Structures are given as structure tokens and as C-alpha cells.
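Single-letter residue listing:
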Amino acid sequence: MRLIREPPAPLRAARGGRRGRLQFKDYYQTLGVARDATADEIKKAFRKLARKYHPDVSKEAGAEARMKEVNEANAVLSDPEKRAAYDALGRGYQPGQDFRPPPDWDANFEFSGPGFGHAEAGEFSDFFAELFGRMGARPREGGFGPREARFAARGEDHHAKVVLDIEDAWRGATRQLSLRVPRMDAAGHVVLDTRTLDVQIPKGVREGQLIRLAGQGAPGHGGAPPGDLLLEVHFRPHARYQVSGRDLLVDLPVAPWEAALGAVIPVPLPDGSTLKVRIPAGAQSGRQLVVRGKGIPGNPPGDLELTVRVVLPPADTTRAKELYETMARDLNFDPRG
Amino acid sequence: MREEDVLIGALLEDACLTLDELSRACAAPPDWVIERVREGLLPAPGEAPTAWRFSSRDLWRARQMLRIERDFDAVPELAALVADLLEEIDDMRARLRRAGYD
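Residues numbered from 1 in each chain as written. Chains lettered and ligands numbered in written order. Predicted model: local features only at pLDDT ≥ 70, side-chain atom pairs only at ≥ 80, totals over all residues.

### Details of the overall build of chain A
Right, on to step 1. Check the secondary structure of chain A and you find 11 helices and 13 strands.
Right, on to step 2. The 337 residues of chain A split such that 25% are buried.
Right, on to step 3. Contacts in chain A between residues far apart in sequence, at least 24 positions, make up 62% of those at least 6 positions apart. (Helix = DSSP H or I, 4+ residues; strand = E, 2+ residues; numbered from the N terminus. Buried ≥ 20, exposed ≤ 12 C-beta atoms within 10 Å, placed from the backbone. Contact = placed C-beta atoms within 7 Å.)

Structure below.
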């Protein structure tokens, strides 16, 4: 961090002109460290929380949101320049308090570190974007002008999850996505917009697959093209169906006589059609039947995997009891024999 | 919603991302990817880097490894080990779901 010359007039005039209410974020509180914590203490606290809230393993409620807060706090406090600026500005503020940085508050700071990408800014809060979002557009000492004017770089790719119903893999779907997108305004500030996209998802999509929306990522710099938006597909849990890749897994409840004697059973599919499946005589519970090519459509299509589950009728009437007693007497059957 | 407002997504099939696309999608330099493929920490997708093609699963793994390396200053081998375990957890959770245990 060092003093720099006065920023150029157009940049100065625009600062402080935007923006609704912001709430102050206490990054020290987020990481659970004292305001005079050393860099080592901050690193240690961050790692502890990163482990605790790792979205793939954490059982804590809201782990993903908490991890974002922790990442944001660490992005500021682990960077000496950002931390110094934050400390200077945040003196006297309480967490959650309305916050408005004074115009030109950062005129005396230069952020020289790795900075942050637009993709990262999209993950972080408005508070972060307000404080540090203009780094990418800052004029550098020596009067070369804004960095964007000197370099052409393709925009970064953005990532998002999209949750579909299993049925959508058969019929395709249109989903509305709301994304927080960092954008450079005319004065060179990074501002976060909420952008709504209607996306058509083709049929044949499967769990974990990526959908690319070309040019919907971060804007490019210096005339370079924007990045892409990559959507990762997830299916909402379904009461009847499971999927594995393109295979459709279905439990097939059958009556004992259907299992014992064989039967043709109607199986409803997610596209609304019904497939008649022949169950061989003597099918036990847990036996798997595979119907090739009847899973999620595609090239090649997946398979339909049926798992036979024998369901006993209840012995809740005199007649039902008699039938069970007859079987017990006449069949001489020992399932443990 | 007007029809022209709807963006049409392109489904990425298995083994479709080039080296540049993978590195761009996980915001890492191509050298980072090349090094991890050479060390066997990311799947070897072919002979020459120009012919490499990665799947969406590979992208997921690369992003996990990158995050673990960055957040914990982890050596690449440790990050790959954690990614292995996360993949294993993911598979086991899917099997539990299929068996009716959510």
C-alpha cells in the first residue's frame, strides 16, 4: 500500500454516487479473531472454518452460505493491503450497522496484490464489492490509464447449479435463473447486478452434466469476449425414480403371486408413458431386471433398471388368514432352510 | 417470456473440454492443469495436451483440488487425496439415496 496521485476527475466524480444501503460486515467477527490478530492467527482461523464449513462434508445448516462469508472475510484480512484499507474505513462501525464509505475513501490506497476476479466478486457481498470492487479499474501510478484499456482478456467463466426434476430429462425444461453478476459501470466501478436468465435445457440431460451458455460469464476486458456460464445439473429427489448417469432406477413392487408365477407389469415412465415389463417366474425380492435403452434419452440412451420388491398382502381378514394358513400347511416351505 | 429471450444451453458431453477450456473454467493457468495430469493427479486424457479432453467430472475434481491447495496451502498430492475422498463420499451418498437412505 502506498500513496498515489490524485485519481482522475471522472473517476472521482462518480465515486460515492451509487448505491443503496449497505450493512457493515465485521470480518474479524466472521473469522472469530481479534482485531490485532497476526497473519498466522488469521490463516489458522480461516483453515479451521474452511474445514468446518466445507460444503461437501459439512453437516452444519447453511454451510455453503457460511463458507462464502468466511472466504470473503479471508480475502480481505489475509491481504495486508485490503486489511489496512478495511481497518481504516471500518473504525467505529458495528456489524449490521448501515454503512456508506465516504467519497474517495480509497484515494490514498493502491491495491497491488493479486486482486480478485469478477467471478470471485460475484460470490461476495455488496459490501465487499463496494469496498474492493474498483480495484480492477484503478489507474496505476505513472499515468498509464485504466488497466482495462491496456490489456485484452477474455472474461472469466462463471459457474452455477441448476436443479431439475427427473422428468425434465425426458421432455427438456426452461428454467429461470437469478445470478448476481459483477459489472463495470461507466466510471469504472464494479457493481453487482441481479440478472435473470431464461434457459432452455435440452432433453437427455443427466446428473452432474454441464450446460454451457456461451458468452454469459464475466464481461471481457479491452474488447475481448465475455466468458461462459457453466451450469451443473442436479436432479431433485423423486419419490419413485432414481438416476445413475443416464440409467433410470425404479423399485418395482409386485404381489407374491406375480413374483412366483411371473407376470406382465405396467411400469410408468417419467415421460408419462407406460412400459409393460415381463417378470420371470420365481423372481425374488431384490432381483434386478434391465430394460436396455429405456433410461434417460441420449446417444446412447440409458437403461431402465428395475428392482423387484415383493409386497405381502396383509393378513387382516379371515379369508386372507386362511390363505396364508393353507400355504403354510401345503407348501412345506422354510425360507431359512 | 418471449421466445427469443430464452437462452439455449449446449449440453457438454463426456470428454469434451479442451485444456484451455478446463483451465479457464477453473480459473487456473494451463500449466497448473498440465502439471497435475503429468503427476497423475488429474485423469490422463490422451497423449499430447492439445488432444486432451476432459469431462465435467474432471472439471469438478480440478476445482476441488484448486480450492484445497489454495485454502490450506496443501501440496497437490494431498489435495488430490482429499478430492479422491470427496468423490468417494459423493458416490456413497448417491448409493445411499438409491437405497432409500437420504
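What follows continues from the structure just given.
### Structural notes on the confidence of the model for chain A
All names here are of chain A.
Right, on to step 1. Chain-level pLDDT for chain A is 79 on average; 78% of the residues reach the 70-or-more range.
Right, on to step 2. Element-level mean pLDDT values for chain A span from 31 in helix α1 (residues 9-14) up to 96 in helix α10 (residues 256-261).
Right, on to step 3. Across residues 112-119 the pLDDT falls below 50, and counting only partners more than four positions away or on other chains, this stretch makes 18 contacts in the model.
Right, on to step 4. Low pLDDT, under 50, characterises residues 136-149; the predicted model gives this stretch 23 contacts beyond four residues in sequence or across chains. (pLDDT = per-residue confidence, 0-100.)

### Structural notes on helix α4 (residues 63-77) of chain A
Residue and element names in this part refer to chain A.
Right, on to step 1. An ideal rise of 1.5 Å per residue puts 21 Å on 15 residues; α4 measures up with 21 Å between its terminal C-alpha atoms.
Right, on to step 2. Three or more residues of α4 are buried, namely Met67, Val70, Glu72, Ala73, Asn74, Ala75, Val76 and Leu77.
Right, on to step 3. Looking at the packing, one finds that the buried side of α4 touches α2 (27-31), α3 (39-52), α5 (80-90) and α7 (126-132). (Expected span 1.5 Å × (residues − 1).)

### So, the interface of chain A and chain B
Right, on to step 1. The interface of chain A with chain B comprises 30 residues on the first partner and 22 residues on the second.
Right, on to step 2. Among the secondary structure elements, those contributing two or more residues to the side of chain A that touches chain B are α3, β5 (190-201), β6 (210-213), β7 (229-235) and β8 (241-244) of chain A.
Right, on to step 3. In terms of residue count, the dominant contributor to the side of chain A that touches chain B is β5(A) (five residues).
Right, on to step 4. In terms of residue class, the side of chain A that touches chain B is made up of 15 nonpolar, nine polar and six charged.
Right, on to step 5. Bridge count for β6(A) against strand β2 (residues 10-12) of chain B is three bridges, and the pairing is antiparallel. Considered in β2(B), the bridge of Ile211(A) is made with Leu11(B). (Nonpolar A, V, L, I, M, F, W, Y, C, P; charged D, E, K, R; others polar. Pairing = 2+ DSSP bridges.)

### Some thoughts on the sheet that holds strand β12 (residues 288-291) of chain A
Residues and elements named next belong to chain A.
Right, on to step 1. Across the sheet, which stays open at both edges, the four strands sit in the order β8-β9-β13-β12 with mixed pairing between neighbours. The sheet is open, and its two edges are formed by β8 and β12, each paired on a single side. Averaged over neighbouring strand pairs, the angle between their axes works out to 30° when direction is ignored.
Right, on to step 2. The sheet contact formed by β12 and strand β13 (residues 304-310) spans four bridges and is antiparallel. (Axes fitted to C-alpha atoms, helices over the stretch in contact; angles between N-to-C directions.)

### Some details on the nonpolar core
Right, on to step 1. Of all hydrophobic cores here, the largest spans 39 residues; its most connected members are Leu22(B), Leu59(B) and Ala62(B).
Right, on to step 2. Each of domain 2 (158-235) and domain 3 (241-331) of chain A gives at least three residues to this core.
Right, on to step 3. If near-sequence neighbours (up to four positions away) are discounted, Leu59(B) is found in contact with Leu210(A), Leu17(B), Leu22(B), Ala25(B), Cys26(B) and Phe54(B).
Right, on to step 4. With 21 residues, the next largest nonpolar core counts Ala45(A), Val70(A), Ala75(A) and Ala129(A) among its residues. (Core = buried A, V, L, I, M, F, W, Y, C linked by C-beta atoms within 7 Å. Domains from an automatic or database assignment.)

### Quick word on the sheet that holds β7(A)
Right, on to step 1. A sheet is described by the order of its strands in space; here four strands give the open sequence β3(A)-β7(A)-β6(A)-β2(B), paired in mixed fashion. A strand with exactly one partner marks an edge of an open sheet, and here the two such strands are β3 (158-164) of chain A together with β2 of chain B. Sheet twist, expressed as the mean angle between neighbouring strand axes with direction ignored, is 35°.
Right, on to step 2. Pairing analysis gives seven bridges linking β3(A) to β7(A), with the strands arranged parallel. Each residue of the ladder has a partner; that of His159(A), found in β7(A), is Leu230(A).

### As for the pairing of β13(A)
Right, on to step 1. As judged from the seven bridges shared by strand β9 (residues 247-254) of chain A and β13(A), these two strands associate in the parallel manner. Its bridge partner lying in β13(A), Leu252(A) is registered against Val308(A).

### Points about the pairing of strand β11 (residues 274-279) of chain A
Residues and elements named next belong to chain A.
Right, on to step 1. Strand direction decides the pairing type here: strand β10 (residues 263-268) and β11, joined by six bridges, are antiparallel. Of the residues in β11, the one forming a bridge with Val267 is Leu275.
Right, on to step 2. Linking β10 back to β11 in an antiparallel pair, the connection comprises five residues, with Gly272 at a positive phi of about 95°.

### Some remarks on the packing of helix α3 (residues 56-72) of chain B against helix α4 (residues 76-98) of chain B
Residues and elements named next belong to chain B.
Right, on to step 1. Here α3 crosses α4 at 130°, and the two axes come no closer than 9 Å. The orientation of α3 relative to α4 falls into the category oblique. For the crossing formed where α3 meets α4, the hand is right-handed. Side by side, α3 and α4 meet where Arg61, Gln64, Met65, Ile68 and Glu69 of the first sit next to Pro76, Ala79, Ala80, Val82, Ala83, Leu86 and Glu87 of the second.
Right, on to step 2. Residues belonging to the contact of α3 with α4 are distributed by class as follows: eight nonpolar, one polar and three charged. (Parallel < 35°, antiparallel > 145°, perpendicular 65-115°, else oblique. Left-handed = near helix turned anticlockwise from the far one by under 90°.)

### Observations concerning the packing of α3(A) against α4(A)
Residue and element names in this part refer to chain A.
Right, on to step 1. As a packed pair, α3 and α4 sit with axes 10 Å apart at the nearest point and diverge in direction by 165°. Comparing their axes, α4 and α3 come out roughly antiparallel. In the packing of α3 onto α4, the handedness of the crossing is left-handed. Here Ile42, Phe46, Leu49 and Ala50 of α3 lie close against α4, whose contacting residues are Val70, Asn74 and Leu77.
Right, on to step 2. A breakdown of the residues in the contact of α3 with α4 according to their chemical character gives six nonpolar, one polar and no charged.

### Let's talk about helix α11 (residues 318-331) of chain A
Right, on to step 1. With 14 residues, α11(A) should cover 20 Å at 1.5 Å per step; its first-to-last C-alpha distance of 20 Å lies within 8% of that length.
Right, on to step 2. Taken across its 14 residues, α11(A) has zero buried, putting it largely on the surface.

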